[in-house]
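# Observations on the three-dimensional arrangement
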Amino acid sequence: MIKKIKITILLLIFTIIIFISNYSLAVNFATTVGTENYAAFGTEAITTTNLTYTAAQYYEDMGYYGTKKLVDPSYLLLVSNLVGKVQLFCTHGSVDSISYKSYTGITTLETHMEGSYEMIGVPDVARSMWKNNTALVTYIACNTAGENGEYSYDSLACKTVSDGGVRLSLGFTTEVPYGVSEKWSERYHSKLKQGAGVWDSMDYANSDPYFAIWAVMDKRDIRKCCLFKDEFTDENLVINKYINSELNSISDTYSIDLRKDENILKSKIAIKENADDAIAEYLSKYDSNFNIKDYEIGRSSCCTVSIDKNKEEKQIDYIYLGFKLGDFYTNKGYVAKVENGNVIAIYDNMKDSIKNNDILLDREKFYVSNNSINLMKMKENILSQSKLENVSIEEDVKYYYDIENDKKYVIIPVRSEVDDGNGGKDLLVDTVTYEI
């Protein structure tokens, strides 16, 4: 116990020294932190270096020269870069923490040793770096805003604002498959670079067809991501420094609509009874070949929560119509946006080339019974390679077809247990994907 106290005191001393030396540089750079081949919270290791480096380039293009690109940093290296004006963390996460393969992470608790992990505490160490300095922290990591589709005031994303002093913090309320998160991040950061605000960029990313298929396969009507804000910050804060040069104060710069994908809805539709029926009716007129039986419907939403007012201020609901070929889901379809009881937009992700593609003429090859799939062997491989406790394979296996690359995949959900840091166990669900 005495040893742990001494280690914690030393960590705090180092933190103070680093803070003094780096604070004056904070406004000039952003920070992106990824991981490589890290399997702490599931059977499938993730590597987020590509996402991390791509996001860093976007931040550089937005005026954050010298943006730090970190992969599994040490405690001291991570702490020293928490002064960045804009920060991104992409790794394994939970409601109250994120962690890296380098045995460090960020937690809603105070700075402490958690087993072998040197955890940076939001209320003390992180706050000393963030408060009155950091404009935006984005966590592309599972459950960092809550769980089971519900945001939590005890979540890492929320505490980043309420206890850490950051102006805006974005996180997810469900698991985030890496393939989805990479596509989501690309759309999110591309819109931030073009000058859209944080809320509009999040909205744009949520209508990504990859994000849509995730919601369709999930089959839960749940909120996927949440943006927490302080009392004085607009949720549509523009972080591109070439457009908004007043990031140290409250800005009068507001987001503009920079969407390039076409909104095929010419005027909003008032929802009288059933939004699904209203959308299907409109699409039947838009595309003479549209058949609702070819689509699976998924739902999601995103919201803004004001910490100081302790209430949800803004919400958009999404209805995804995911195109399905036999037993295989695809990343094509339509995304409808619903706000204040009206369908305000419908985006066409089908593409004319897909609508006329020859694959639609041979649907038989998209039934599992007509494909050579050794599901038993795949499951045996997962169980034999896992290093976690009480690993089990769920029955709800999904099949996915990548139309552009003409590749089929099987997605297998896996349950396992890990230590919760308090002497108990956490139940975690991950997915393993095999090309077939």
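Residues numbered from 1 in each chain as written. Predicted model: local features only at pLDDT ≥ 70, side-chain atom pairs only at ≥ 80, totals over all residues. Heavy atoms only, no water.

Turning to the overall build of the chain, a few remarks are in order. Across its full length, the chain carries 11 helices and 22 strands. Taking all 436 residues of the chain together, the buried fraction comes to 56%. Long-range contacts, defined here as pairs at least 24 residues apart, represent 67% of the contacts in the chain between residues at least 6 apart. Here the chain has roughly 19,300 Å² of accessible surface; of this, 48% comes from carbon and sulfur atoms. (Helix = DSSP H or I, 4+ residues; strand = E, 2+ residues; numbered from the N terminus. Buried < 20%, exposed > 50% of the residue type's maximum accessible area, 1.4 Å probe, protein only. Contact = heavy atoms within 4.5 Å. Areas by Shrake-Rupley, 256 points an atom, 1.4 Å probe, with all protein chains shown as cover.)

Quick look at a nonpolar patch on the surface now. A contiguous nonpolar surface patch, about 360 Å² in accessible area, is contributed by Tyr-65, Tyr-242 and Ile-243. Tracing the backbone shows Tyr-65 in the loop between α2 (49-61) and β2 (68-71). (Patch = residues over 30% accessible without salt bridge, like charges linked within 9 Å, V, L, I, M, F, W, Y side chains within 5 Å. Salt bridge = Lys/Arg side-chain N within 4 Å of Asp/Glu carboxyl O.)

To continue, consider α2. Along its 13 residues, α2 runs 18 Å from first to last C-alpha, staying within 8% of the 18 Å computed at 1.5 Å per residue. Listed as buried for α2 are Thr-49, Leu-51, Thr-52, Ala-55, Ala-56, Tyr-58 and Tyr-59. Of the residues flanking the end of α2, it is Gly-63, one or two places downstream, whose phi is positive at about 105°. (Expected span 1.5 Å × (residues − 1).)

If you walk through the whole model with that rule in mind, you get 17 aromatic pairs. Centre to centre, the rings of Tyr-286 and Tyr-334 are 6.3 Å apart; their planes meet at 85°, and the pair counts as edge-to-face. Of this pair, Tyr-286 sits in helix α9 (residues 275-286) while Tyr-334 sits in strand β17 (residues 328-339), and the two are 48 residues apart along the sequence. Ring-pair connections join several aromatic residues into one group, and the members of that group are Tyr-286, Phe-290, Tyr-295, Phe-323 and Tyr-334. Lying over the aromatic face of Phe-29, Lys-68 brings its terminal NZ or CZ to 5.5 Å of the ring centre. Geometry around Phe-366 places Lys-408 over its ring, the cationic atom sitting 4.9 Å from the centre. (Phe/Tyr/Trp six-rings, centres within 6.5 Å; stacked < 30°, edge-to-face > 60°. Lys NZ or Arg CZ within 6 Å of the ring centre and 35° of its normal.)

Gaps between atoms show up when a probe of the same size as a water molecule is rolled over them. Scanning the entire structure with this criterion turns up 1 cavity of 30 Å³ or more. There is about 50 Å³ of room inside the largest cavity. Every residue lining the largest cavity is counted, 14 residues in all, and those nearest its centre are Ala-212, Leu-321, Gly-322, Lys-332 and Gly-333. Mapped onto the lining of the largest cavity, the elements with two or more residues apiece are α8 (209-218), β16 (311-325) and β17. Broken down by element, the lining of the largest cavity gets its largest block of residues, 6 residues, from β17. Each residue belonging to the lining of the largest cavity can be placed in one class, and the counts come to 8 nonpolar, 5 polar and 1 charged. (1 Å grid on protein atoms, 1.4 Å probe; cavity = no way out; pocket = protein on both sides within 12 Å on 5 of 7 lines; lining within 4 Å. Points joined across faces, edges and corners; volume = space filled by probe spheres on them. Nonpolar A, V, L, I, M, F, W, Y, C, P; charged D, E, K, R; others polar.)

Attention shifts here to the environment of Gly-326. Inspection of the secondary structure puts Gly-326 in the loop between β16 and β17. For the pair formed by Gly-326 and Arg-363, sequence separation is 37 residues and the distance between their alpha carbons is 6.2 Å. Leaving out residues up to four positions away in the same chain, Gly-326 has contacts with Phe-366 and Tyr-367.

Glancing now at the pairing of β16. Examined bridge by bridge, strand β15 (residues 295-306) and β16 share 12 bridges and lie antiparallel to one another. Looking at the pairing, Ser-300 lines up with Tyr-318 of β16. Following β15, the chain reverses through 4 residues before pairing antiparallel with β16; Asn-310 in that reversal takes a positive phi of roughly 55°. Relative to β17, β16 is paired through 8 bridges, and the arrangement is antiparallel. (Pairing = 2+ DSSP bridges.)

All right, on to the sheet that holds strand β7 (residues 112-114) then. By way of backbone hydrogen bonds, the strands of a sheet pair with one another, either parallel or antiparallel. Reading across from one edge, β4-β5-β6-β8-β7 is the order of the 5 strands in this open sheet, with mixed pairing throughout. Sheet topology places β4 (92-93) and β7 at the edges, where each strand pairs with a single neighbour. In the sheet, strand β5 (residues 97-100) pairs with strand β6 (residues 104-107) via 4 bridges, with the strands oriented antiparallel. If you follow Ile-98 over to β6, its bridge partner there is Ile-106. Docked against the sheet, helix α4 (residues 122-130) engages β6 and β8 (117-121), running at close to 60° with respect to β8. (Axes fitted to C-alpha atoms, helices over the stretch in contact; angles between N-to-C directions.)

This brings us to the pattern of salt bridges. Going through the model one piece at a time under the given rule, you end up with 9 salt bridges. A salt bridge links Glu-235 to Lys-314, with the shortest nitrogen-to-oxygen separation between them at 3.6 Å. On the criterion of sequence distance, the pair formed by Glu-235 in the loop between β13 (222-229) and β14 (269-270) and Lys-314 in strand β16 is long-range, its members being 79 residues apart. Judged by relative accessible area, which is 14%, Glu-235 ranks as buried. In this structure Lys-314 comes out as partly exposed when scored by relative accessible area, which is 27%. A single network of salt bridges, built from pairs that share partners, joins Lys-229, Lys-309 and Glu-313.

Tyr-59, Phe-172, Trp-184, Tyr-188, Val-198, Met-202 and Ile-239 are the most contacted members of the largest nonpolar core, which totals 45 residues. Per-element tally for this core: the top contributor is α8, with 6 residues. If near-sequence neighbours (up to four positions away) are discounted, Tyr-59 is found in contact with Ala-30, Thr-32, Tyr-64, Thr-67, Val-86, Leu-88, His-189 and Ile-239. Core analysis: the next-biggest nonpolar cluster, separate from the first, contains 33 residues, Phe-89, Met-129, Tyr-139 and Val-166 among them. (Core = buried A, V, L, I, M, F, W, Y, C linked by side-chain atoms within 4.5 Å.)

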